[in-house]
Amino acid sequence: MRHRKRGRKLGRNPNHQRALLRNLASALILTERDAEGEDNAPKVKGRIVTTLTKAKEVRPLVEKCVTIACRAIPHQEAAEKLESGAERHSEKWRQWRESEQWQAWNQAMAPAVAARRRLIRLLGDKEAVSVLFDEVAPRFVDRSGGYTRILRLAKPRLGDAGPRALLEFVGQHDRQQRKAVRPAFDTEDSSAEVASAESGTEAGEQS
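A. How the structure looks around the side chain of Gln 17. You can see Gln 17 is positioned in helix α1 (residues 14–30). Judged by its relative accessible area of 18%, Gln 17 is buried. Of the polar contacts made by the side chain of Gln 17, one reaches the backbone oxygen of Lys 9; its length is 3.2 Å. Excluding residues within four positions of it along the chain, Gln 17 makes contact with Arg 8, Lys 9 and Arg 12.

So this is what it looks like as structure tokens:
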């Protein structure tokens, strides 16, 4: 019995488990980057293929990271309004640093910086955190959860026949259900066709 033992071991020790989940989460986020001209460009943005068990285990980590980034977006936008447009280390920038506006900017930016540091600690990849803040989080600011979906694939993995699944962000590859259009038959045309067919059969029988 596994009472009070949460999570899946995945056949690895705890350190290996954490490293595996961090790499999978970072790989999913990095598929959203601008990878034109790169050798390892993703085939489909916002989607990775892994085993079903790994997808179920890494999904809570991805959801947590997106939630942290979404909560930091308003603080980052408020800080950008207070930010000085002067060049760094210029005279105008030094005056802005000594003003009260810089203190307000510092207080507004502090939660966003703390969120970035927390995500770097969770994911261990600065590039993935940047992509998360720039590309992924702005799409889900108005969404309270459920940022990813898992779709089981019919074809198992070669070698050990392990069940595979797609882990992807929602909103880009959504399946839209369309109702079939019911065929409309014109009563006058159908009755004329039936009458012509009957007359043709009668003429054939008389001949």
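B. Inspection of the sheet that holds strand β1 (residues 47–51) at higher detail. Taking strand neighbours across the sheet as the criterion, the three strands line up as β1-β3-β2 in an open arrangement whose pairing is antiparallel. Because the sheet does not close on itself, it has two edges, and the strands there are β1 and β2 (148–152). Direction aside, the axes of adjacent strands within the sheet are offset by 25° on average. With respect to the sheet, helix α2 (residues 52–82) is in contact with β1, β2 and β3 (164–169), its orientation differing from that of β2 by roughly 170°.

C. Spatial organisation of the packing of aromatic side chains. For the structure on display, the rule yields three aromatic pairs. For the ring pair Trp 96 and Trp 105, a centre distance of 5.7 Å and an interplane angle of 65° mean the geometry is edge-to-face. With a centroid separation of 5.3 Å and an interplanar angle of 55°, the aromatic rings of Phe 140 and Tyr 147 are classed as tilted. Considered together, Phe 140 and Tyr 147 belong to a single accessibility category, that of buried residues. An aromatic cluster is defined as three or more aromatic residues linked by ring pairs; in this entry it consists of Phe 140, Tyr 147 and Phe 169. The ring centre of Phe 133 lies 4.2 Å from the NZ or CZ of Arg 116, which sits over that ring.

D. Looking closely at the nonpolar core. Counting residues in each nonpolar core, the largest one holds 42 residues, and the members touching the most others are Val 66, Leu 119, Leu 132, Phe 133, Phe 140 and Phe 169. Elements with a minimum of two residues in this core: α1, α2, α3 (91–98), α4 (100–123), α5 (126–136) and β3. For this core, the leading source of residues is α2, giving twelve residues. What Val 66 contacts, discounting residues up to four positions off in sequence, is Leu 132, Val 136, Phe 140, Tyr 147 and Phe 169.

E. Looking closely at the environment of Leu 10. Of note, Leu 10 is situated in the segment before α1. A residue is classified by how much of its surface remains accessible, and Leu 10, at 18% relative accessible area, is buried. Other than its neighbours up to four places away in sequence, Leu 10 contacts Leu 20, Leu 21, Thr 53, Lys 54 and Glu 57.

Conventions adopted
- Residues numbered from 1 in each chain as written.
- Predicted model: local features only at pLDDT ≥ 70, side-chain atom pairs only at ≥ 80, totals over all residues.
- Heavy atoms only, no water.
- Helix = DSSP H or I, 4+ residues; strand = E, 2+ residues; numbered from the N terminus.
- Buried < 20%, exposed > 50% of the residue type's maximum accessible area, 1.4 Å probe, protein only.
- Polar contact = N/O pair within 3.5 Å; in protein donor to acceptor, adjacent residues only side chain to side chain.
- Contact = heavy atoms within 4.5 Å.
- Pairing = 2+ DSSP bridges.
- Axes fitted to C-alpha atoms, helices over the stretch in contact; angles between N-to-C directions.
- Phe/Tyr/Trp six-rings, centres within 6.5 Å; stacked < 30°, edge-to-face > 60°.
- Lys NZ or Arg CZ within 6 Å of the ring centre and 35° of its normal.
- Core = buried A, V, L, I, M, F, W, Y, C linked by side-chain atoms within 4.5 Å.

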